[in-house]
Amino acid sequence: MKKDEIKNGVSLFGQSDFLIEGGDPLEEIFALNLGDFISEHLISEDLAKKISSNSKDKREGLKNQLRELISIYSSQNTLCVLSFDSKEEHAIYTSIANTVKQMIEVEACHIYMQKDNKMLCVGSSDNNFDQEIAINFGGKDFVFENNMTYVAMRSSTQITGVIAIKSIDQKPLPKEYLKLVISIANLFATSMELQFQVDETNKLLDSENANVSELQHIRAELTALIGDLCDYQQNFVEELAKAVDTKGQYKVSHSQNTANLARLICRELGLNEKTTDLIYYAGMLQNIGKITLPESIFATNGKLSPEELKKVQEHINTGVNLLMNINFLSEVVPYINYQTERYDGSGKPEGLKGQSIPLGSRIIAVADAYSAMTSDRPYRKAMPTEQAVEIMQNDSKWDPVVIDALKQVVTQ
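Rules of the game
- Residues numbered from 1 in each chain as written.
- Predicted model: local features only at pLDDT ≥ 70, side-chain atom pairs only at ≥ 80, totals over all residues.
- Heavy atoms only, no water.
- Core = buried A, V, L, I, M, F, W, Y, C linked by side-chain atoms within 4.5 Å.
- Buried < 20%, exposed > 50% of the residue type's maximum accessible area, 1.4 Å probe, protein only.
- Helix = DSSP H or I, 4+ residues; strand = E, 2+ residues; numbered from the N terminus.
- Salt bridge = Lys/Arg side-chain N within 4 Å of Asp/Glu carboxyl O.
- Pairing = 2+ DSSP bridges.
- Contact = heavy atoms within 4.5 Å.
- Axes fitted to C-alpha atoms, helices over the stretch in contact; angles between N-to-C directions.
- Phe/Tyr/Trp six-rings, centres within 6.5 Å; stacked < 30°, edge-to-face > 60°.
- Lys NZ or Arg CZ within 6 Å of the ring centre and 35° of its normal.

A word on the nonpolar core
Membership of the largest hydrophobic core comes to 80 residues, with the highest contact counts inside it found for I104, I111, I163, I265 and M392. With 14 residues, the single largest contributor to this core is helix α6 (residues 175-206). Among the nonpolar cores identified, the runner-up in size contains 11 residues, and C121, I133, Y150 and A164 belong to it.

Below you can see the structure in the form of structure tokens.
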């Protein structure tokens, strides 16, 4: 990472400005591998200085570092597909099962966890499930048996749980949905393993007999898990976006194209890297609400019933609600929430106008519209670049400054 790309005092790929050469090599591990997705804005300059401080009491210094880590990566911040409104274990797993069922439009989803050397059902989207299962994955991430798709939840050492999916047509899941479930399984298993490690860390912090070696070891374990978690979070975003495109019946990756174009517009406008990253991820997920809509809606050649039209119009609200429950994505919510506002005040949900609409929302709206216009759909062919730009230039719905940046990007 270049010098000018170091933010908040810590480079994610090189040595921090505050680290002392020749110090404890694990101090560098603590500053690195915290992920290139969610942690960047969480690592403060104050924390970076704490990492480098040459404390007289190494033991207390390590404890302070561990307290900082577990305050950031608690279960409330890491478990990804639901919020912790309830501490009841069954409610948590059932919520995950219902979320998965809604996302990929299947008949049922069941969650199994390893308990007392048995794989027991701990949550389900309905009441028709096997209380206990025995699945041999043979090193694979998933198997299809008895009209069910079983996806393994893997920790670093073993399979700790299973997500079981029953498709409506009793066939294996389509590739895009299977990859999404695998990403959820990886993310969930890593979140749970990290939470276990957080609990162990708390025990060590409470112990009067914890030595420096033990504290350094558990710090290395935590940072490794945090690195894995950040990788799985980014993979989850990518697979969720692909699943949305599958439901929307785009022949190309519309969400990825929108995000890429939004990033180019940001750079053309000279926005900083942090803002550009947030707008990029919002672009990936701007249509997330469509994941809850039935595929049949997108295969009607544009002719929708009033009820179907209402569902499509409300998909932004559904998407925002989903994102609010995906804790590590909460920062992109404002950009997505206002992406249907229009520069001339004709949009929704609040009829905002001009500069009162967040810039990120204005950029995503332009990138989304252009990407849709220039992509093949089931009911029409893609529009040429020049025609799409001309139409948007002559429409008061779009921010003219953003349109000018779009023109520079797509006609170069």
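Some thoughts on the pattern of salt bridges
As enumerated under the stated definition, the model contains eight salt bridges in all. For the salt bridge of R59 with E60, the shortest nitrogen-to-oxygen distance reads 3.7 Å. With a closest N to O distance of 3.8 Å, K397 and D395 form a salt bridge. Exposure remark for K397: the relative accessible area of 31% places this residue in the partly exposed category. What makes D395 partly exposed here is its relative accessible area of 24%.

Quick look at the sheet that holds strand β6 (residues 159-166)
Sheet architecture is open: six strands sit in the order β3-β2-β1-β6-β5-β4, paired in antiparallel fashion. Every other strand in the sheet has two partners, leaving β3 (132-133) and β4 (142-145) as the edge strands with one partner each. Along the sheet face, α6 touches β1 (108-115), β4, β5 (148-154) and β6 and points at about 30° away from the line of β5.

Quick look at the packing of aromatic side chains
Enumeration over the complete set of coordinates arrives at two aromatic pairs. Their ring planes at 75° and their centres at 5.8 Å tell us that Y93 and F188 sit as a pair that is edge-to-face. Residue Y93 is found in helix α5 (residues 89-104), and its partner F188 is found in helix α6; the two are separated by 95 residues along the sequence. Relative accessible area serves as the criterion here: at 5%, Y93 is assigned to the buried category. Taking the centre distance of 5.2 Å and the plane angle of 75° together, the rings of Y280 and Y281 count as edge-to-face. Across this residue pair, the class does not change: Y280 and Y281 are buried. Note that R263 overlies the ring of Y280, its terminal NZ or CZ placed 3.8 Å from the centroid.

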